[in-house]
Amino acid sequence: MNLTDEQQSILNGASGPVPAKLMRTLVEYGDAFGAGRLVPVASGHLAGTFGAFAYKTYYRVLDEIAAAGLKVKVPTTCNPRPGRDLNFVNRRAFSHQPALEANFSALGITPNFSCVCYDGANVPAKGDVLAWAESSAVQFANSVLGARTNRNSILIDLAAALTGFTPEFGYLLDEERRGRLLIKLKIKEMDAPALGYLLGRRVVNRVPVLEHYPFSRVELKNMGGAMAASGAVALFHVEGLTPEAPDLKTAFDGAPPEIMEITQADLDALRTKDLHAGLVAFGCPQLTLEEALALAPAFTGKRVKTPTAFFMVPDAHRRFLALPEGRAVQDAGVAVHDICPLAALTIQLRRKRVLTTSGKLYYYLKGSEYGAQADCLRAAGV
Ligand code: F3S
């Protein structure tokens, strides 16, 4: 790999042993993927925010970095909290949370605690090179905002944020961002999370280009989150909607090499027929204020018959609860959280049957079922 004089001197130890290790980590990571150089990044986003007692090596590395007095070189946000205070089991499971957050603070990481960092805390511009982790945020940054990031892992995300560099390969390069297959939609009633889930399963790690559909920003967020979970998709395009697909010829740099069709029956088959649940969960990726406000009228003046929870972006959570709509949702018996539902619900003494509108949560949470929004509202009893 070709390094600049500055990068080479950090690698040689001129800034101390810890920056040298971070630089070596990035160089070896880049070499493994055939990167030719390290390039500067505009921002970072970190995924390692669950202080589970088992991640001892991660904590040792963080302690070493914090003891060296290093700070992030670029604005860096981080993923949600795991819901340590939700119950006794979580308090034990996430016992390292306070120490983890103290180290994040020492490193200068923005305490936004949300996977939807692009909702305000960390908004990249088109063409920005990033070093983000969190597959749903990576997907949104690449696909909807036209920024460029690979799906980085925990610790690689940190090494990039602390040095300000990332190896140039994969989705940072034009040729890797081209469409690989065209998705034709034979759909009457859009269910974006279900579509994302199916695309992830079928496309796996290629770049799909969806024929034009007027998806909202919220639909793109929830479709992308599901796609990045059930598959390894880090970038999709929508003809005439997303920034790198003004038309199909541009998105593919020619003609589509392959065509795939998704039908209404495919989407409908994902929805559970059994609406009995121990918990109805909304939000994963976390709900924005816009999403919570759109859901609020369904609960206003009513009372849920099944335990129901919103999992929101913390800043949106604070603003929502200060509004009459937020209070009405709480009065209806909905628990409104600002944590990650997957982490919060994974360890349960008696596992509840969770019904969710999230294709991502459905994919990852054992024992969960998927329902379209109408199904989940019916299951909640409103
Ligand atoms: Fe976000 Fe947690 Fe879902 S990090 S995407 S709410 S699994």
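Treat the numbers as computed from the prediction; the structure is a model and nothing was measured. (Residues numbered from 1 in each chain as written. Predicted model: local features only at pLDDT ≥ 70, side-chain atom pairs only at ≥ 80, totals over all residues. Heavy atoms only, no water.)

Chemist: Explain the side chain of Ser 43 here, please?
Modeler: Assignment of secondary structure puts Ser 43 in strand β2 (residues 43-46). Of the residues examined, Ser 43 reaches a relative accessible area of 4% and is grouped as buried. Reaching out from Ser 43, the side chain makes a polar contact with the side chain of Trp 132 at a distance of 2.9 Å. Ignoring anything within four residues of it in the chain, the contact list for Ser 43 reads Val 74, Pro 75, Asn 122, Val 129, Leu 130, Ala 131 and Trp 132. (Helix = DSSP H or I, 4+ residues; strand = E, 2+ residues; numbered from the N terminus. Buried < 20%, exposed > 50% of the residue type's maximum accessible area, 1.4 Å probe, protein only. Polar contact = N/O pair within 3.5 Å; in protein donor to acceptor, adjacent residues only side chain to side chain. Contact = heavy atoms within 4.5 Å.)

Chemist: Got a minute to help me understand the site of the ligand in this structure?
Modeler: In the vicinity of the ligand, the contacting residues are Asn 79, Pro 80, Cys 115, Glu 134, Ser 136, Cys 284, Pro 285, Cys 340, Pro 341, Leu 342 and Lys 360. Of the residues assigned to the shell around the ligand, the class counts are seven nonpolar, two polar and two charged. (Near = heavy atom within 4 Å. Nonpolar A, V, L, I, M, F, W, Y, C, P; charged D, E, K, R; others polar.)

Chemist: What's the story with the pairing of β2 in this structure? I'm lost.
Modeler: Taken residue by residue, a regular strand's side chains alternate between the two faces of the sheet. Alternating positions in β2 separate into two faces, Ser 43 and His 45 on one and Gly 44 and Leu 46 on the other, with burial throughout. When β2 meets strand β4 (residues 130-132), the two strands line up parallel, connected through three bridges. Within the sheet, the bridge partner assigned to His 45 lies in β4 and is Trp 132. Bridging between β2 and strand β3 (residues 76-78) involves three bridges; their strand directions are parallel. Paired with His 45 across the bridge in β3 is Thr 77. A crossover links β2 with its parallel partner β3, the connecting element being helix α3 (residues 56-67), and its sense is right-handed. (Pairing = 2+ DSSP bridges. Right-handed = clockwise from strand over helix to strand, strands pointing away.)

Chemist: Looking at this structure, how should I read the sheet that holds strand β9 (residues 259-263)?
Modeler: Taken together, four strands build an open sheet; the order of strands is β8-β7-β6-β9 and the sheet is parallel. Since the sheet does not close on itself, it has two edges, and those belong to β8 (237-238) and β9, each with one partner. Of the strand pairs in this sheet, strand β6 (residues 181-186) and β9 are connected by five bridges, and their pairing is parallel. Residue pairing for β9: Lys 184 is matched across the bridge by Glu 261. Packed on one face of the sheet, helix α8 (residues 192-203) meets β6, β7 (208-210) and β9 and runs near 145° to β9. (Axes fitted to C-alpha atoms, helices over the stretch in contact; angles between N-to-C directions.)

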